Amino acid sequence: ALLAAKAEEERIALLSADKELITEDLSKSLRLQGDKLRGRGKYGDALTAFATAQKVSEQIGDKAGIAQSLILTAVVHYRQGNYDVSLENLQKSFAISDASGDQITIAELLNHFAIVHYLRADLDLALEYYQKSLALSQPLGLRDRIATALTGIANINYRRGNYDLALDHYRKALTLREAVG
């Protein structure tokens, strides 16, 4: 019923009607549903799910849930080519994550900033963000984030014609991804 509600006011009214529904689990479920919708290319429905998840997280003071909802919203926007809107959402999420000291989410965010700048063909800035993510992810042992950063660095080197360096980074990323499973 929540996502079927046509207007934002309707969704808020449904949430306000039953305070017991407003939980971290509801927010997580909405984000998962939104992610599945995004994967199927239903961007409008995904954005609705993420916005509702964000509202739920805001109502219960779940900062991590707000940050994750903003990241997922940003992903939809950069896939649609709305880079400025994507960066705005990433910056909001970064501010929340930084204030709470959430280094894991910050490492994820740095990779997303890099992706947006890569898509904008600002390879220098993309490389800078990937390197920051790598530097933060390595001591924390975040193999998936390390692999993402290495792949991004490889992509940049490939575009610049540095094929040997690109191949080296691709191999390192592949080794990590195979280890993660």
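Bear in mind the structure is a predicted one, so any value in this text is a computation, not a measurement. (Residues numbered from 1 in each chain as written. Predicted model: local features only at pLDDT ≥ 70, side-chain atom pairs only at ≥ 80, totals over all residues. Heavy atoms only, no water.)

Participant: Honestly, the overall build of the protein chain in this entry has me stumped. Any pointers?
Facilitator: Check the secondary structure of the protein chain and you find nine helices and zero strands. Secondary structure of the protein chain in N-to-C order comes out as α-α-α-α-α-α-α-α-α. Residues classed as buried in the protein chain amount to 43% of the 181 residues present. Put simply, of all contacts in the protein chain between residues at least 6 apart along the chain, 53% involve residues at least 24 apart. Of the roughly 9500 Å² of accessible surface on the protein chain, a fraction of 51% belongs to carbon and sulfur atoms. (Helix = DSSP H or I, 4+ residues; strand = E, 2+ residues; numbered from the N terminus. Buried < 20%, exposed > 50% of the residue type's maximum accessible area, 1.4 Å probe, protein only. Contact = heavy atoms within 4.5 Å. Areas by Shrake-Rupley, 256 points an atom, 1.4 Å probe, with all protein chains shown as cover.)

Participant: Sorry, what's going on with the side chain of His112 here?
Facilitator: With respect to the element layout, His112 can be found in helix α6 (residues 103-119). When its relative accessible area of 12% is taken as the criterion, His112 is described as buried. A distance of 3.0 Å separates a polar atom in the side chain of His112 from a polar atom in the side chain of Tyr78. Beyond its immediate sequence surroundings of up to four residues, His112 is in contact with Ile71, Val75, Tyr78 and Leu90. (Polar contact = N/O pair within 3.5 Å; in protein donor to acceptor, adjacent residues only side chain to side chain.)

Participant: Mind showing me how you'd approach the nonpolar core here?
Facilitator: Proteins that are soluble and globular tend to have nonpolar side chains buried together. If you look at the biggest cluster of nonpolar residues, it comprises 30 residues, and the most contacted ones within it are Leu90, Phe113, Tyr130, Leu134, Leu150 and Ile156. For this core, the secondary-structure elements that each account for two or more residues are α4 (63-79), α5 (83-100), α6, α7 (123-140), α8 (143-159) and α9 (163-180). If sequence neighbours within four positions are ignored, Phe113 has contacts with Leu87, Leu90, Gln91, Phe94 and Tyr129. (Core = buried A, V, L, I, M, F, W, Y, C linked by side-chain atoms within 4.5 Å.)

Participant: Can you walk me through the pattern of salt bridges in this structure?
Facilitator: This model, assessed by the stated rule, comprises seven salt bridges. Ionic pairing is found between Arg38 and Asp35, a salt bridge with its closest N-O pair at 2.7 Å. Pair noted here: Arg38 and Asp35 are both in helix α2 (residues 24-39), with a separation of three residues, about one helical turn. In this structure, Glu128 and Lys132 form a salt bridge, with 3.4 Å as the shortest nitrogen-oxygen distance. You can see Glu128 and its partner Lys132 sitting in helix α7, four residues apart, about one turn around the helix. On the basis of relative accessibility, which here comes to 41%, the residue Lys132 falls in the partly exposed class. If you follow the salt bridges from partner to partner, you end up with Glu108, Asp144 and Arg145 in one network. (Salt bridge = Lys/Arg side-chain N within 4 Å of Asp/Glu carboxyl O.)

Participant: Can you walk me through α7 in this structure?
Facilitator: An α-helical segment advances 3.6 residues per turn. Residues three or four places apart therefore align on the same side. For α7, with 18 residues, the first-to-last C-alpha span of 26 Å sits near the 26 Å given by 1.5 Å per residue. Every buried residue of α7 is listed here: Leu123, Ala126, Leu127, Tyr129, Tyr130, Ser133, Leu134, Leu136 and Ser137. Positive backbone phi, at 70°, marks Gly141, one or two positions downstream of α7. (Expected span 1.5 Å × (residues − 1).)

So yeah, pure geometry; function would need other evidence.
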